[in-house]
Each structure stands twice: as C-alpha cells, then as structure tokens.
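# Per-entry structural report
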Amino acid sequence: MAIRILLGGRGQRTTLSLAARHADACNLFGDAVTIRTKVAALPSHCERHGREPAAVEVTHLSTAVAAATRREPAADVARLSGDPVVGRAGAA
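Summary of the structure given here.

What counts as what
Residues numbered from 1 in each chain as written. Predicted model: local features only at pLDDT ≥ 70, side-chain atom pairs only at ≥ 80, totals over all residues. Heavy atoms only, no water. Patch = residues over 30% accessible without salt bridge, like charges linked within 9 Å, V, L, I, M, F, W, Y side chains within 5 Å. Areas by Shrake-Rupley, 256 points an atom, 1.4 Å probe, with all protein chains shown as cover. Salt bridge = Lys/Arg side-chain N within 4 Å of Asp/Glu carboxyl O. Buried < 20%, exposed > 50% of the residue type's maximum accessible area, 1.4 Å probe, protein only. Helix = DSSP H or I, 4+ residues; strand = E, 2+ residues; numbered from the N terminus. Pairing = 2+ DSSP bridges. Right-handed = clockwise from strand over helix to strand, strands pointing away. Core = buried A, V, L, I, M, F, W, Y, C linked by side-chain atoms within 4.5 Å.

A cluster of nonpolar side chains, V65, V77 and L80, forms an exposed patch at the surface whose accessible area comes to about 210 Å². We classify L80 as partly exposed; its relative accessible area is 46%.

Rendered as structure tokens:
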C-alpha cells in the first residue's frame with residue numbers, strides 16, 4: 001500500500017505546482033473566491049507535469065465559529081480573520 005501525500009499551502013504558483021507534481025491531494029487555504037481561483041488553476045499545473053487533474057484531490061482548510069446568535073462570535077471572527085472591520089455593527 002502506497003503512502004498518500006497531502007500537500008497544503010496558500011500560494012497558487014508553488015503550492016499547486018508541487019501538488020500537481022508530487023501529491024495525491026492538496027489542502028488549500030482562503031475564502032471561497034480564492035479557493036475557486038486555485039481550483040481553476042490546478043488543471044494547468046497538472047497538465048504541465050503530465051498528470052490528470054482528477055489525480056489530485058482538493059481539500060479546504062477553514063475555521064468554523066459556532067454560537068447561539070450571530071452577534072456572539074463577532075469578536076472571535078474578527079480575531080481569526082485578522083480583519084478589524086469584521087463583526088462591527090452593520091457589517092455582513
């Protein structure tokens with residue numbers, strides 16, 4: 001039985017290129033738009049390295065914050081996102 005390789009990272013060029021060349025799966029970081037962009041770029045990296053895009057499984061690392069109301073986790077979301085605007089009154 002072969003050991004499966006999961007490669008994780010933030011960068012589109014290096015992470016996806018290494019995953020396309022060596023990995024069975026890649027774990028991506030970022031918001032939905034960033035992940036869609038990276039997933040769309042993966043096939044070209046795979047083709048460059050002579051692999052089928054379907055050979056590289058994609059996973060997504062994210063953080064979930066749970067609370068009884070939407071206001072409760074606002075400070076945690078702002079802290080975790082590094083965005084001081086998140087969680088302010090009227091912010092989405």
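Per the counting criterion, the structure on display carries 1 salt bridge. Two residues, E57 and R4, come together in a salt bridge whose shortest N-O distance is 3.2 Å. On the criterion of sequence distance, the pair formed by E57 in strand β3 (residues 57-61) and R4 in the segment before β1 (6-9) is long-range, its members being 53 residues apart.

Another aspect to go through is the pairing of β3. With 5 bridges connecting them, strand β2 (residues 25-29) and β3 associate as parallel partners. Bridge pairing in β3 places N27 opposite T59. Crossover connection from β2 via helix α2 (residues 32-48) to parallel β3: handedness right-handed.

This part takes up the nonpolar core. Core analysis: the biggest nonpolar cluster contains 12 residues, these being L7, L16, A19, A20, A23, C26, L28, I35, A41, L42, C46 and V56. Of all the secondary-structure elements, those providing two or more residues to this core are α1 (13-22), β2 and α2. The element that contributes the greatest number of residues to this core is α2, accounting for 4 residues.

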